[in-house]
Each structure stands twice: as structure tokens, then as C-alpha cells.
Amino acid sequence: MENEAKKRILSGIQPTGSFTLGNYIGAVRNWSSLQTDFDSLYMVADLHALTVRQNPAELRRHTREAAAMLLATGIDPQQSILFIQSHVPAHTQLSWILSCNTQFGDLSRMTQFKDKSAKHADNVNAGLFTYPALMAADILLYNADLVPVGADQKQHLEMTRNVAQRFNNLYSPTFNMPEPYISKTGAKVMSLQEPDKKMSKSDTNVNGFVLMTDDADTILRRFKRAVTDSDGIVRAGDDKPGVTNLMTIYGSLTGKDFAAIEKEFEGQGYGTFKEAVAQSVIDTFTPIQAEYSRILEDKEYLDGVLAEGAQKASRIAERTLRKVYKKVGLLQL
Ligand code: TRP
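This text gives an overview of the structure that appears in the document. Within any chain, residue numbers begin from 1 and follow the written order of that chain's sequence. Restriction of local features to residues with pLDDT of at least 70 applies here, the model being predicted, together with a cutoff of 80 or more for giving and counting side-chain atom pairs; totals for whole chains, interfaces and linings are based on all residues. Computation of side-chain values: all heavy atoms of the structure, hydrogens and water removed.

## A few points about the site of the ligand
Here is step 1: Lining the immediate surroundings of the ligand are 14 residues, of which Q14, H48, Y131, D138 and Q153 lie closest.
Here is step 2: Separating a nitrogen atom of the ligand from a side-chain N or O atom of D138 is a distance of 2.6 Å.
Here is step 3: Contact distances for the ligand include 3.2 Å between a nitrogen atom and a side-chain N or O atom of Q153.
Here is step 4: Strands here mean DSSP runs of E at least two residues long; helices mean DSSP runs of H or I at least four residues long; both are numbered from the N terminus. Of all the elements in the fold, those that place two or more residues in the shell around the ligand are β1 (8-13) and α7 (126-140). Put simply, a residue is near a molecule or strand once any heavy atom of it comes within 4 Å of that molecule or strand. Polar contact is defined as a pair of N or O atoms within 3.5 Å, subject to the rule that within protein one atom must be able to donate a hydrogen and the other to accept it, and that residues adjacent in sequence are counted only when both atoms are side-chain atoms.

Here you go:
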């Protein structure tokens, strides 16, 4: 299935519990549509999740759930390689070598490190600091051409490119230069309560987000409570962040553009509009949820897919790792 003519794409997502509507529209949904045009690898980044304190039983459950949800959204294990990061030891092995080629000063400038160490002041661990070296290993092991990432991960991708460049100059051309992949359809979804902030499930206000596993009643309730404004007109604009966010969601799921949406709801209040947005989310998630439950219950199938994914990923990763070990001077017998 490795196709020389196709560019390779790789992305990862942390298993931190059910994905949000924002994860779906901004990232995950695009992954399945990319798999026909690209040689694609998708990874559940369980090792990255360990940089903040995890409950072991929950992490294990979340990891399986994340993989099941990716399959439910249409990632096809015949077309893509789907795997769990910790199942491929080469990730941690390469990350050590890359750590030794990454400067303390560069890592200290990472905004995510600064944010997360402020948020988890009682656990500013070395893994949180060297997180970008592990992410660089994820990408460089497979010589990915393109990496779909959100804005918050751009700096880490830039760091990956710097490390690759420095390694290539110091030793000899080894790593491909990965580029960020900005999807045409992947919109950024904001909080339903504070539309100037990104939708996040760590939001203390549960009304700010919708999870992919939420039932229809919950979804409807969340949208009914969504913050809008007082002029009652469905129109997009910087002065109307709440309504614009709802239009973005509705547009992404129905394929309608802003002009069409404005027309559709002309002369109608926010009530009708909010119900329509909620319905578009419910219609999207209902079949995915059914598939998700089915896959989660079929442990044998899911574990089989993951074992095969790990095997295929390892074959590619091992080859890169051996090359790197040799170049840096590690003795091979
Ligand atoms: N750090 C990414 C995030 O939290 C997840 C991730 C891990 C990733 N490894 C990756 C994304 C490699 C892209 C490529 O969102």
C-alpha cells in the first residue's frame, strides 16, 4: 500500500477523553478525506498524554476509545495506518537522539510549554519540556511530507523542521522536511459560551463545548444556550462572534456557505437557527456514534486493527531509526 507517487501525511491526537465538535470539524473529519489522496498515518499519541498526570485505567480506556472513534469517522485501516504511539518503540528511541540535538533555549520558548507549566505548576516535568522532541520523532520517523495540525501545534512543527535541518547538516541528508497541512475545509470552532476562545473540553463551563459522544438532547440544549447577541439577525461578521461561530459549524456540516445560510434564516430568529445548527450536528454524530459503539464492543476487531497498524508503522519507523543510529555513531553488531 506504500505508494511512491503519493505524498505522505501523518497526524496525531491525544487520548484525553471524547473528542469535541471542534476536534471533529478542525481535524479528525479531514483525516478520513485525506486518506485517498495521501499515503496516510494516524496515531493516538498516548505518550504525549503522559506529560500531564493521568489515571492509568482511564488512559487505557481513552486510548481504545480514541482509536474506535477515528475508525468510526471513516479512517479505513485498509487505506491508512492507524496505530498507538507507544506500540512503536522507535518513537521514544528516536526522541532521545533528537533531544540530544535540540537546544534547551529553543524548548524554553515553546508557548505550549509555558502555558501548560503555568496550568500544571505542581508537575512541570521533563517530558512536558521535551514534548516537541517526541513530536519531531513522530513525524521524522516516517519522513512525512505533510502534517495536518492546528494553530497551537505550528510552533512544534517549526521546531521539528529546525531539528531535521540541523541533523541533516550535521550528519548527512536523512530527514524529509515536513510542511504544515492547512485543510481547506477545516474550520476553527470556538466555545459556545465565549466565542473568542477555542472550543475545549477542559472548559470549566460544560455549555461551552459539545462532545462527539453527546446524545441528541444534550447537543440541542448546548446550542439553545449558545451565546449570540441582541440584534437577532443571522449574519457573519467580526462584530458577531457567537453567530459567526454557529454559522461556521452549520456551514462545515452542511456544505452551505455564509451567504446561503444568511438567506436561509433571513427574517427568522435565533431560535430556529440554533435548532437547525443542533440538528446538523445530531445528524452528523448519530451514525458515527452507532459505528463507534459497534467498534468498541468488537474488541477483537479493534485490537486486530491496532496490532496490524503497529506492525506496519514499525516497519517504516525501524528503517529510519537504524539509519539514524548508524549516523550518530551507535555501535551496531
Ligand atoms: N501534539 C499534538 C496535539 O496535542 C498531537 C501529536 C503528537 C501530533 N504527535 C504528533 C500531531 C505528530 C501531529 C504530528 O495536538
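## Some details on helix α3 (residues 56-72)
Here is step 1: With 17 residues, α3 extends 24 Å between its outermost C-alpha atoms, agreeing within 8% with the 24 Å of an ideal straight helix rising 1.5 Å per residue.
Here is step 2: Where α3 starts, the residue carrying a side-chain oxygen 3.0 Å from the main-chain nitrogen of A57 turns out to be N55.
Here is step 3: One or two steps after α3, the chain reaches G74, where phi turns positive at roughly 115°. To estimate the expected span of a helix, subtract one from its residue number and multiply by 1.5 Å.

## Quick notes on empty space enclosed by the protein
Here is step 1: In this analysis, the protein atoms alone were mapped onto a 1 Å grid. Cavities are point sets where a 1.4 Å probe fits without being able to get out; pockets are open sets with protein on both sides within 12 Å along at least five of seven lines; lining residues have an atom within 4 Å of a point. Grid points are joined across faces, edges and corners, and a volume is the space filled by probe spheres set on the points. Counted by the stated rule, this structure contains one cavity of 30 Å³ or more.
Here is step 2: Looking at the largest cavity, the residues that line it are M110, Q112, F113, L128, F129, Y131, P132 and H156.
Here is step 3: The set of elements that each furnish at least two residues to the lining of the largest cavity consists of α6 (111-119) and α7.
Here is step 4: Per-element accounting of the lining of the largest cavity gives the leading share, four residues, to α7.
Here is step 5: Tallied by class, residues from the lining of the largest cavity come to six nonpolar, two polar and no charged. Three categories are distinguished: nonpolar for Ala, Val, Leu, Ile, Met, Phe, Trp, Tyr, Cys and Pro, charged for Asp, Glu, Lys and Arg, and polar for the others, with Gly belonging to the last.

## Structural notes on the pairing of strand β2 (residues 39-44)
Consecutive residues of a regular strand have side chains that alternate between opposite faces of the sheet.
Here is step 1: Burial of β2 is extensive: six of the six residues sit out of reach of the surface.
Here is step 2: Here the term buried applies to any residue with accessible area under 20% of the maximum for its type, exposed to any over 50%, and partly exposed to those in between, with areas from a 1.4 Å probe on protein chains only. The side-chain alternation of β2 yields two buried faces, one formed by D39, L41 and M43 and the other by S40, Y42 and V44.
Here is step 3: Here the rule is simple: two strands pair whenever DSSP picks up at least two bridges between them. The pairing of β1 with β2 spans six bridges and is parallel. Looking at the pairing, I13 lines up with V44 of β2.

## A look at the packing of aromatic side chains
Here is step 1: Pairing of aromatic rings covers Phe, Tyr and the six-membered ring of Trp, with a centre-to-centre limit of 6.5 Å; geometry is then stacked below 30 degrees between planes, edge-to-face above 60, and tilted otherwise. Counting across every chain of the model gives 11 aromatic pairs.
Here is step 2: Judged by centre distance (4.5 Å) and plane angle (35°), the rings of F167 and Y171 are tilted.
Here is step 3: Look at F265 and F273: their rings are 5.0 Å apart centre to centre, the planes differ by 65°, and that puts the pair in the edge-to-face class. Both residues of the pair, F265 and F273, count as buried.
Here is step 4: Three or more aromatic residues joined by ring pairs make a cluster, and in this case those are F104, F113 and F129.

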